[in-house]
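Given next are the chains, with one letter for each unit.
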Amino acid sequence: MNNTKIHTDVDALKARHVLLKEFRYELRPVVRGYNMRTLYVNVSSNEIREKPVSEEMKQKFTGGKGFGLKLLWDAISDTTRWNDPENEINIAMGPICGNTNYPGSGKSLVVSISPLTDIPIDSNVGGYFGPYLKFSGFDAIEIQGKAERDVIVYIDGNQGLIQIFEAPAEAVDSHILAEQMVELFADNDLEKMHISAVSAGRGAEHALIGCLNFSFYDRRRKVARLKQAGRGGIGTVLRDKKIKAVVVKYSGLSGKSNDPADLDTLQRTGLKLHKEIIALDDQQCRMRQIGTAHLVEIMDEYDLLPTHNFKFGRHADSPKINSHAFYELVTHGLPDGCWFGCTMACAKAADGFELVTGPYQGQRVTVDGPEYETVGGCGSNVGIFNPRAIMEINFYCDTYGLDTISFGTMTAFIMECWEKGVLNAERTGGLDFTWGNWRDTLEMMHQIARGEGFGLIAGLGTRKMKEYFIDHFDADPQLMQDIGCECKGLEYSQYVSKESLAQQGGYSMALKGPQHDEAWLIFMDMVNNQIPTFTDKAEALHYFPMFRTWFGLQGLCKLPWNDVEPANNAQTDEPAKVPEHVQNYVDIYNAITGGNLNKKELILQSERVYNFQKVLCMRLGRGRRSDDIPPFRMMGPVTVEEYESRQDRYDQQLREKVGVDPAGKSSEEKLRILRHYREEQYQHLLNAVYKRKGWTSEGVPTPEHLRKIGMDLPEVLAVVERHLR
Amino acid sequence: MKYLKTYDEKCIGCNQCMTACSMAFFKEDIPAKSAIQVIEKPDGGYHLVVCDQQYRKCVDECPTQAITINKQGVVMINKKLCISCFACVAVCPIDAMRRCDGVLNPFKCVACGVCVKGCPTQAIEIVTEE
Ligand code: SF4
Ligand code: SF4
Ligand code: SF4
């Protein structure tokens, strides 16, 4: 692929390994999608052991994120912070995970207490690690403790062997480390495909927005590629634990690895979706051609593409970074699934891409991406309309172990602070944050990786930067709150939610912070006007978060659910739900587990875990109503400039919704009235949604509700009762 | 390139080829397990569906590179590498890559010629083309 070769001296790496612990376990096949045991690893004490999964745990928590959260709950205290040794990184899969038939079935769910939010973060990630760990014998791995020196945790799923060893010589940056792991552990060329590593990078050592990379070896490109568990700083936690990598090796994957109860139904359902994708994707989302980057022009068209720190929703230069621009850069015609059997194949990559900055300047590398979120965050939102610059930012974020979404949103905040004079060259150590300055944006990232300069301040993330700017640069606290696009401490993902009340709720009520994976309702709400009343919105903000939570319980990717739709979907009762695909999920769940689930019970499985997660946030002192309030930038125009950019829309809203005649009023005055109105509307929305979810007006799940859904565990009720008192 | 050439107009729908193929590879006579399929056309006559070894879309689509082309130009599946995703089946433009209930892996015509002898009308023959 014309990349600069990465030389790995395996002997030199091995010579410096110091074995700290070795553990052997009995190999047992998966039964109906479950191992019924998890793996516990403590890198402080080097304890390794298996933990049985009880029938009750399976019933209440289903798997995936449910298991991860349950293990985390049991491991921490009410005061555990992200960098305490008892904080964990839990990677869990779920019963459906690892099947090779249904597109999008290879996801791992990672759970940890986040350095950005102080509550559990959950992140859904592709790559081969999760499925291989599952077929190695475990439904989850739970990693606790902090090592003294850099270690690697290695799981050999064919031998039943687990090792912890000191690994001082391996790289920290993921694109090199992942190659080294393949060279180190594969006995031959074919086995490279059987190895997957979880790692972070040097950036994660100095910033709170660290991400994890999950590798998957691409036989055609001959490159260990990377998928990210991006959100919430889990990479930071990994490096704080002094873990360089967690590696799994498993050979023996087959179409029956999950021991499905009904192989034929599983195969048939998967094949049906494959055929749908092959037939319709070219006319629908073009995921096979360019992945999620196809969204750039759609978002721009609907005024939803985040531009200049979410001020605007489109830009005249956006065609320069639309899907066609990236189509020119990525390699085509390869089966780009992040797990076997995903014909949606959205995991695009550019090869032989020459870097122009940083420690790898001049080298030709494979860049995984870009995904839409990266183009929005590290492109339009920071005013960078240069596709090669976006690719380079993408590459360095990944290899340094930094989340492109948080990086983009926080850099947009920095740039607006520069524009408003809060920052200047003196305060940034000479960096210039004029919109679009990609060189200094990259330089800031290299500073993060080196742990120096303004990069260290930026690496704190938006919430802590706001405080820093108020304390040190005398910034206006109200302005900081309005334009720093974070909620609960997590940076927003890349959609403009200003004109969609439902999406404002979808973002800021999301348990972990404003990521759109709980709900994406902008089209239903703003474009198609399908959920006009508070009751409608509340119903959508109940159903969709619950439905989408289920992907996380099962180890599924969300994209094949609605980024391709059956040809007759529009004629169904509820097209937004894609009813046929929901039925597919029920069918494959039953086909694998031998269960008898229906669409209603599917939601119930999610509700249990969702409410458990909510109560876990409360146990850690958060999960309050006040934690669900967005910064105003995500709810409406903060500045006159923004008001005037959409004056017709806002004036009309004043006239029709607020009952105020805008004529003769100054923009400032209209802005104030509109803001008051929107903030009030948002409070109404919270009331309606909490009620629908079975929560009090403070957002506390009621004991009756917990009993109804079967999540009335004593430890859960104890926390709730503490909050009701 | 070696392949099984078909002459739809000669086929009389006796299904002997399907029996021969299914017996050869699965030791039982089940039409769905044959790599050649005799399809009755709505307006009379028959259409023979079988791999012509030409499209090769499956080769590019297979995530594990289990599908390769052998020296004779025949598209072959390596069952040791196949993980049964059936992407190859979905992508085949002529439905020649097949899946059948009760069978773990996909299967297709390997141009072995076993079926040719059974055909009473010479509607199929093995040919080798440059
Ligand atoms: S749709 Fe994309 S992200 Fe999802 S499983 Fe497939 S390749 Fe991976
Ligand atoms: S079913 Fe087997 S041969 Fe076909 S694409 Fe999948 S792995 Fe390759
Ligand atoms: S040539 Fe062989 S594999 Fe092909 S259809 Fe005939 S019997 Fe089956």
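Residues numbered from 1 in each chain as written. Chains lettered and ligands numbered in written order. Predicted model: local features only at pLDDT ≥ 70, side-chain atom pairs only at ≥ 80, totals over all residues. Heavy atoms only, no water.

Some thoughts on the overall build of chain B
Tallying secondary structure elements over chain B gives four helices and six strands in all. Counted from the first residue to the last, chain B has its helices and strands arranged as β-α-β-β-α-β-β-α-α-β. Relative to the compact-globule value of 14 Å for 130 residues, chain B shows a C-alpha radius of gyration of 14 Å, a close match. When its C-alpha atoms are laid out on the principal axes, chain B stretches across 40 × 35 × 30 Å. (Helix = DSSP H or I, 4+ residues; strand = E, 2+ residues; numbered from the N terminus. Rg over C-alpha atoms; globule rule 2.2 N^0.38 Å.)

Examining the packing of aromatic side chains
According to the stated counting rule, one finds 44 aromatic pairs over all chains in the structure shown. With a centroid separation of 6.1 Å and 20 degrees between ring planes, the pair formed by A:Tyr360 and A:Tyr396 is classed as stacked. Separated by 36 residues along the polypeptide, A:Tyr360 in the loop between strand 14 (349-354) and strand 15 (364-368) and A:Tyr396 in helix 12 (residues 387-400) bring together distant segments of the chain. In this structure, A:Tyr360 and A:Tyr396 share a single accessibility class: buried. An angle of 80 degrees between the planes, with centres 5.8 Å apart, marks the rings of A:Tyr468 and A:Phe473 as edge-to-face. We classify A:Tyr468 as partly exposed; its relative accessible area is 24%. Residue class for A:Phe473 comes out buried when judged on its relative accessible area of 13%. Aromatic ring contacts, followed pair by pair, group A:Tyr102, A:Tyr543, A:Phe544, A:Phe547, A:Trp550, A:Phe551, A:Trp561, A:Tyr585 and A:Tyr589 into a single cluster. Between A:Lys693 and the ring centre of A:Trp695, over which it is positioned, the NZ or CZ distance is 5.7 Å. Note that B:Arg99 overlies the ring of B:Phe86, its terminal NZ or CZ placed 5.9 Å from the centroid. (Phe/Tyr/Trp six-rings, centres within 6.5 Å; stacked < 30°, edge-to-face > 60°. Buried < 20%, exposed > 50% of the residue type's maximum accessible area, 1.4 Å probe, protein only. Lys NZ or Arg CZ within 6 Å of the ring centre and 35° of its normal.)

With respect to the environment of A:Lys249
Residue and element names in this part refer to chain A. By secondary structure assignment, the location of Lys-249 is in strand 13 (residues 243-249). By relative accessible area, which is 7% here, Lys-249 ends up buried. Spatially, the C-alpha atoms of Lys-249 and Ser-136 are 8.1 Å apart, while their sequence positions differ by 113 residues. If near-sequence neighbours (up to four positions away) are discounted, Lys-249 is found in contact with Ser-136, Tyr-154, Ile-155, Asp-156, Gly-157, Asn-158, Phe-185, Asp-187, Glu-191, His-194 and Ile-195. One polar contact links Lys-249 to Asp-187, side chain to side chain, over a distance of 3.5 Å. (Contact = heavy atoms within 4.5 Å. Polar contact = N/O pair within 3.5 Å; in protein donor to acceptor, adjacent residues only side chain to side chain.)

A look at the interface of chain B and chain A
On the side of chain A, 24 residues touch chain B, which itself brings 21 residues to the contact. Both faces combined, the contact of chain B with chain A buries some 2,000 Å², and carbon together with sulfur accounts for 56% of it. At the surface where chain B touches chain A, the tally comes to three salt bridges. Residue assignment for the side of chain B that touches chain A shows that the elements contributing at least two residues are helix 2 (57-61) and helix 3 (87-91) of chain B. The leading source of residues in the side of chain B that touches chain A is helix 3 of chain B, at four residues. Looking at the side of chain B that touches chain A residue by residue, the class counts come to 13 nonpolar, four polar and four charged. (Buried area = accessible area lost by both parts, 1.4 Å probe. Salt bridge = Lys/Arg side-chain N within 4 Å of Asp/Glu carboxyl O. Nonpolar A, V, L, I, M, F, W, Y, C, P; charged D, E, K, R; others polar.)

Quick notes on the nonpolar core
In this structure, A:Ile141, A:Phe407, A:Phe454 and A:Phe469 are the most contacted members of the largest nonpolar core, which totals 215 residues. Broken down by element, the residue count for this core peaks at 10 residues, all from helix 20 (residues 534-554) of chain A. Each residue touching A:Phe454, except ones within four places of it in the same chain, is listed here: A:Ile414, A:Leu423, A:Arg427, A:Thr428, A:Leu431, A:Phe433, A:Met444, A:Gln447 and A:Phe469. Listed in part, the 34 residues of the second largest apolar core include B:Met18, B:Cys51, B:Leu81 and B:Cys119. (Core = buried A, V, L, I, M, F, W, Y, C linked by side-chain atoms within 4.5 Å.)

Regarding the packing of helix 13 (residues 404-419) of chain A against helix 14 (residues 438-450) of chain A
Residues and elements named next belong to chain A. For the pair helix 13 and helix 14, the least separation of the axes is 12 Å and the interaxial angle reads 120 degrees. Both helix 13 and helix 14 take part in a crossing whose hand is right-handed. Contact residues: helix 13 offers Phe-407, Met-410, Thr-411, Ile-414 and Met-415, while helix 14 offers Thr-441, Met-444, Met-445 and Ile-448. Looking at the contact of helix 13 with helix 14 residue by residue, the class counts come to seven nonpolar, two polar and no charged. (Axes fitted to C-alpha atoms, helices over the stretch in contact; angles between N-to-C directions. Left-handed = near helix turned anticlockwise from the far one by under 90°.)

With respect to the pattern of salt bridges
Residues and elements named next belong to chain A. Applying the stated criterion across every chain, the model contains 63 salt bridges over all chains. A salt bridge links Glu-416 to Lys-420, with the nearest nitrogen and oxygen atoms 2.7 Å apart. Looking at Glu-416, the relative accessible area reads 0%, which means it is buried. Arg-450 is the salt-bridge partner of Glu-452, the closest N and O atoms lying 3.0 Å from each other. Classification of Glu-452 as partly exposed rests on a relative accessible area of 36%. Overall, the relative accessible area of 42% leaves Arg-450 in the partly exposed class. Among the charged side chains, a network of salt bridges with common partners joins Lys-311, Glu-416, Glu-419, Lys-420, Lys-498, Arg-633, Glu-641 and Glu-642.

Focus on the side chain of A:Arg286
Summarising the element assignment, A:Arg286 is placed in the loop between helix 7 (263-280) and helix 8 (287-290). Engagement of the side chain of A:Arg286 in a polar contact is seen with the side chain of A:Ser323, the distance being 3.2 Å.

Considering the side chain of A:Lys244
With respect to the element layout, A:Lys244 can be found in strand 13. It is A:Asp150 that comes nearest to the buried, bridge-free A:Lys244 among opposite-charge side chains, at 4.0 Å. (Lys, Arg positive; Asp, Glu negative; His and termini not counted.)

Considering the site of ligand 2
The environment of ligand 2 is made up of B:Cys62, B:Pro63, B:Thr64, B:Ile67, B:Ile77, B:Cys82, B:Ile83, B:Ser84, B:Cys85, B:Phe86, B:Cys88 and B:Pro106. Taken together, the residues that form the shell around ligand 2 break down as 10 nonpolar, two polar and no charged. (Near = heavy atom within 4 Å.)

Considering the domain arrangement of chain A
All names here are of chain A. Taken domain by domain, chain A comprises domain 1 (10-249), domain 2 (281-491) and domain 3 (501-564 + 598-724). Taken over C-alpha atoms, the centre of domain 1 sits 32 Å from the centre of domain 3. Listed per partner, the contact involves 37 residues of domain 1 and 34 residues of domain 3. Roughly 3,100 Å² of surface becomes buried between domain 1 and domain 3 when both sides are summed, with 59% attributable to carbon and sulfur atoms. At the boundary of domain 1 with domain 3, the tally comes to four salt bridges. In this structure, Arg-622 and Asp-118 form a salt bridge, with 3.3 Å as the shortest nitrogen-oxygen distance. Of all elements in the fold, only helix 2 (55-61), helix 3 (65-75), strand 5 (108-113) and strand 6 (120-125) reach the threshold of two or more residues within the side of domain 1 that touches domain 3. Considering each element in turn, the side of domain 1 that touches domain 3 owes the most residues, six residues, to helix 3. Counted by class, the side of domain 1 that touches domain 3 contains 15 nonpolar, 13 polar and nine charged residues. (Domains from an automatic or database assignment.)

A look at the sheet that holds strand 1 (residues 18-24) of chain A
All names here are of chain A. A sheet is described by the order of its strands in space; here seven strands give the open sequence 1-9-8-13-10-11-12, paired in mixed fashion. Taken across any chain shown, the strands that pair with only one partner, and hence form the sheet edges, are strand 1 and strand 12 (223-229). Adjacent strand axes in the sheet meet at a mean angle of 20 degrees when their direction is disregarded. Sheet topology note: the strand 1/strand 9 (residues 161-166) ladder contains six bridges and is antiparallel. Among the inter-strand pairings, Lys-21 is bridged to a residue of strand 9, identified as Ile-164. (Pairing = 2+ DSSP bridges.)

Side note on unusual backbone geometry
Cis geometry is found at the peptide bond from A:Gly369 to A:Pro370, where omega equals 5 degrees. With a phi angle near 50 degrees, A:Ala345 is a residue other than glycine that sits in the positive phi range. Backbone geometry places B:Gln122, a non-glycine residue, at a positive phi of 55 degrees. Structurally, B:Gln122 can be placed in the loop between helix 4 (114-118) and strand 6 (124-128).

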